[in-house]
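Below are the chains, spelled out letter by letter.
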Amino acid sequence: MKEFLEGSQAIAEVIKLCRPGVISAYPITPQTHIVEGLAKMCADGELDSQFVNVESEHSAASVVLGAVATGVRAYTATSSQGLFYMAEVLYNISGMRLPVIMTVAARSISAPINIWNDHQDVVSLRDAGWIQLHAEDIQEAADLHLIAYRLGEDKTMMLPVMVCMDGFILTHGVETVNMPIQEEVDKFLPAYNPPYKLDVTNPMTLGPLVDPDYYMEARFALNETHKEALALIPKITAEFAKVFGRNYNGLIEGYQLNDAERVIVAMGSVCGTIKEVVDELKKKGKKVGLLKITSLRPFPAMHIYQALKNIPKVAVIDRALSIGSFAPLSAEVKAVFFGKPKRPKAVSSFIVGLGGRDITKDSIKEIFRLLTGKEKQGEFIDLKPELLKESYE
Amino acid sequence: MKEIRIHARAGQGAITTASLLGYAYFLKGIYPYAFPSFSAARMGAPMNAFVRVDSKPVRLRSQIYEPNYLLIVDHTIMRGFNCFSGLKEDGIAIINGKGDAVTVPKLKAKQKVFIVPASDIALKYIGRPLGNTAMLGAFCAATNELTLDDLNAAIKHRFSAKLQEANIKAAQEGFESVTHKTKEKVR
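For every chain, the first residue of its written sequence is number 1, and the numbers climb from 1 along that sequence. Working convention: letters from A go to chains and numbers from 1 go to ligands, in the order in which they are written. In view of the model being predicted, local features appear only for residues whose pLDDT reaches at least 70, and side-chain atom pairs are presented and counted only at 80 or more, with totals across whole chains, interfaces and linings using the full set of residues.

Digging into helix 6 (residues 138–152) of chain A
Owing to its 3.6 residues per turn, the α-helix brings residues three or four apart onto one side. Numbering of helices and strands runs from the N terminus, with a helix taken as a DSSP run of H or I at least four residues long and a strand as a DSSP run of E at least two residues long. Multiplying 1.5 Å by the residue count of a helix minus one yields the expected span of that helix. End to end, helix 6 of chain A covers 21 Å across 15 residues, agreeing with the expected 21 Å (1.5 Å per residue, within 8%). Exposure criterion: with C-beta atoms placed from backbone coordinates, a residue whose C-beta has 20 or more other C-beta atoms within 10 Å is buried, one with 12 or fewer is exposed, and one in between is partly exposed. With respect to burial, helix 6 of chain A is a largely interior element, 15 of its 15 residues being buried.

Structural notes on helix 10 (residues 301–308) of chain A
All names here are of chain A. Residues of helix 10 that are buried include every one of Ile304, Ala307 and Leu308, and no others. All buried residues of helix 10 lie within an arc of 80 degrees about the axis, which places them on one face of the element. Where helix 10 is buried, its residues contact strand 9 (252–255), strand 10 (262–266), strand 11 (288–293), strand 13 (313–318) and helix 11 (328–337). An arc is given here, and it is the one of the directions from the helix axis to the C-beta atoms. Remark: residues whose backbone-derived C-beta atoms lie within 7 Å of one another are considered to be in contact.

A few points about the environment of A:Leu230
Residue and element names in this part refer to chain A. Within the element layout of this structure, Leu230 appears in helix 8 (residues 215–244). Leu230 gets classed as partly exposed once you count the C-beta atoms within 10 Å, which come to 17. Sequence separation of Leu230 and Leu296 is 66 residues, and the distance between their C-alpha atoms is 11 Å. With near-sequence residues (within four places) excluded, Leu230 lies in contact with Leu251, Pro298 and Pro300.

Observations regarding the sheet that holds strand 11 of chain A
Residues and elements named next belong to chain A. Taken in spatial order, the six strands line up as 9-11-10-13-14-15 in an open sheet, and their pairing is mixed. Since the sheet does not close on itself, it has two edges, and those belong to strand 9 and strand 15 (379–380), each with one partner. Two elements, strand 13 and strand 14 (residues 346–351), share six bridges in a ladder whose sense is parallel. Opposite Ile317, over in strand 14, you have Phe350 as the bridge partner. Between any two strands, pairing holds if DSSP finds at least two bridges.

Concerning the sheet that holds strand 2 (residues 22–25) of chain A
All names here are of chain A. The sheet built from seven strands is open, its strands ordered 3-2-4-5-7-6-12 with mixed pairing. Two strands lie at the open edges of the sheet, namely strand 3 (50–53) and strand 12 (295–297), each paired on one side alone. Strand-to-strand twist in this sheet, taken as the mean axis angle between neighbours without regard to direction, amounts to 20 degrees. Here two bridges tie strand 6 (residues 131–134) to strand 12, and the two strands are oriented antiparallel to one another. Bridge pairing in strand 12 links Leu133 to Ser295. Between the N-to-C directions of two axes lies an angle of 0 to 180 degrees, each axis being a line fitted to C-alpha atoms and, for a helix, fitted only over the stretch in contact.

Here we look at the environment of B:Phe81
Residues and elements named next belong to chain B. With respect to the element layout, Phe81 can be found in the loop between strand 4 (69–72) and strand 5 (92–96). Overall, the presence of 12 C-beta atoms within 10 Å leaves Phe81 in the exposed class. With 35 residues separating them along the chain, Phe81 and Pro46 place their C-alpha atoms 9.2 Å apart. When near neighbours in sequence (up to four residues on either side) are disregarded, Phe81 contacts His7 and Pro46.

Some points on the interface of chain A and chain B
By a widely used convention, the size of an interface equals the accessible area lost when the partners come together. Listed by partner, the interface residues are 18 residues for chain A and 18 residues for chain B. Per element, the largest residue contribution to the side of chain A that touches chain B is five residues, and it comes from helix 9 (residues 270–283) of chain A. Amino acid classes used here: Ala, Val, Leu, Ile, Met, Phe, Trp, Tyr, Cys and Pro are nonpolar; Asp, Glu, Lys and Arg are charged; the rest, including Gly, are polar. For the side of chain A that touches chain B, a count of residues per class yields six nonpolar, seven polar and five charged. Direction of pairing for strand 8 (residues 174–178) of chain A relative to strand 2 (residues 31–37) of chain B: antiparallel, over a ladder of two bridges. From the neighbouring strand, A:Val174 faces strand 2 of chain B, where its bridge partner is B:Ala34.

A look at the nonpolar core
One finds A:Val64, A:Val265 and B:Ile94 to be the most contacted residues of the largest nonpolar core, which totals 179 residues. Summarising the domain contributions, this core has at least three residues from each of domain 1 (2–244) and domain 2 (252–388) of chain A. Look past the residues within four positions of B:Ile94 in its chain and what remains in contact with it is B:Leu70, B:Leu71, B:Phe114, B:Val116, B:Met135, B:Ala138, B:Phe139 and B:Ala142. One nonpolar core equals one set of buried Ala, Val, Leu, Ile, Met, Phe, Trp, Tyr and Cys residues connected by C-beta atoms within 7 Å. Boundaries between domains were set according to an automatic or database domain assignment.

Some points on the pairing of strand 1 (residues 2–9) of chain B
Residues and elements named next belong to chain B. Within strand 1, six of the eight residues are buried, which leaves it mostly tucked inside the rest of the structure. Bridging between strand 1 and strand 3 (residues 46–54) involves eight bridges; their strand directions are antiparallel. Of the residues in strand 3, the one forming a bridge with Arg9 is Pro46. As paired elements, strand 1 and strand 4 share four bridges and run parallel to each other. Residue Ile4 lies in a different strand from strand 4, and its bridge partner there is Tyr69.

Some words on the domain arrangement of chain A
Residues and elements named next belong to chain A. Assigned domains within chain A: domain 1 (2–244) and domain 2 (252–388). Computed over C-alpha atoms, the centres of domain 1 and domain 2 are 27 Å apart. If you look at the interface, domain 1 gives 27 residues, while domain 2 gives 21 residues. Elements supplying a minimum of two residues to the side of domain 1 that touches domain 2: helix 5 (120–124), strand 6, strand 7 (161–166) and helix 8.

Have a look at this one:
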């Protein structure tokens with residue numbers, strides 16, 4: 001049913017439909033509305049779930065780890081500093097092969113303190129062993145949570161999934177969302193029935209100490225499962241389409257790539273703005289397009305290769321830095337083409353929209369314009385040169 | 001595509017205004033995207049809320065720089081900000097205030113400004129100076145984008161009981177404050 005919903009409210013409603021047994025979270029802007037919504041549903045008796053109040057994100061992550069370890073579906077959400085405070089637990093969750101589902105309302109990292117949207121929090125946690133899916137709009141954010149539970153809990157996966165949605169832009173934005181109904185969700189997402197769990201009648205150990213004779217194989221297996229996820233994600237999104245009628249590839253999405261000569265690669269809500277600009281420029285005869293990356297982990301390298309191998313000029317937008325090195329997404333997209341027979345003539349890298357700096361149609365047009373020249377390396381867009389002149393002395 | 005920019009202070013209900021307005025459009029089958037932009041994230045700090053509407057789902061996620069319509073919930077913000085920045089050639093602004101207290105910048109030929117005593121209207125019916133529904137009533141009359149019935153449907157969805165009744169009255173008086181002025185001008 002079509003509803004006009006705030007992004008956070010849509011996520012809370014969808015999580016309710018997934019029937020988690022345990023929810024634990026610590027509030028942090030801009031994630032707060034999601035867990036406030038769920039806490040209210042639990043308090044009002046609309047949702048039969050145990051909402052565990054905790055004193056920190058470290059504890060929130062530990063609670064959902066414990067819950068899923070005992071065979072109960074669980075949910076948490078966080079942002080920014082909260083995600084970092086969870087970090088060591090997050091690596092444990094993936095290492096113990098526990099399908100926790102978490103929303104990250106993507107936000108910048110301190111210092112300086114900034115509550116606004118970029119991707120530094122989620123991108124910094126890309127190596128945590130979690131599947132990481134990025135949403136373009138509120139509809140996709142809501143739908144990706146259903147896909148995330150189904151994917152993570154698949155017996156061949158047993159992996160945690162992070163669904164990333166841009167803070168404020170999507171969490172506090174209000175738009176038309178086609179909300180699923182309980183019967184559809186129950187059809188798509190069966191009850192959680194894990195192959196292993198902590199059980200007093202059948203004791204087992206999860207995440208034990210392993211010496212050098214065993215550790216590498218556990219990490220190898222985790223890495224292999226991520227590769228297998230590349231094949232499973234499109235199968236699950238195809239089943240999703242059958243039940244809900246909405247089509248996602250789940251890995252990447254090409255927009256106007258057929259005859260494109262200049263293509264931007266991006267993640268998250270900025271893809272909407274890029275699509276607007278692509279349509280405007282195409283009307284003027286410019287051959288431009290977009291490649292949206294939905295799945296940052298697993299990284300769909302071969303899919304990206306196939307989509308971009310014949311494109312002359314590619315720009316990668318990063319909304320995060322790897323300070324002292326190449327921008328993270330650009331480095332990975334470039335790595336796709338090394339040693340390959342076909343590749344773009346140029347893969348330029350641009351840094352956009354850090355700490356909530358607004359990304360306008362002009363920002364995107366500037367990137368397309370710069371793509372006509374020579375390859376750019378980590379070029380910042382919309383920087384204010386006058387602020388760079390200020391000095392401490 | 002139509003774009004509406006709201007100027008207010010955090011705590012004055014600009015987000016409610018944006019989502020009420022969005023909901024009124026939504027009920028007509030139009031696709032709105034309503035969203036806030038906070039500055040200092042503290043009550044009293046100047047902030048914006050935006051509504052972008054289109055016949056198809058809105059994909060553009062940037063803030064609004066060239067609005068068709070402006071809603072200025074607190075005219076004291078005009079002292080520090082150029083709230084009229086980028087207003088379209090035929091744009092319409094609705095300002096909460098009383099006649100002489102509001103200094104309106106020089107307008108272009110087709111631009112229009114309506115000054116509505118929305119806080120007074122709200123105090124009269126709601127008992128608090130939250131003039132959002134009065135402003136939206138004025139918006140309906142000034143722009144013809146929505147009817148008062150469209151707005152009332154959104155108010156009914158959002159508020160219940162006495163608050164609903166009070167807001168509907170405030171919207172009505174906001175609406176009339178504009179139609180009344182227009183008639184005067186015609187005379």
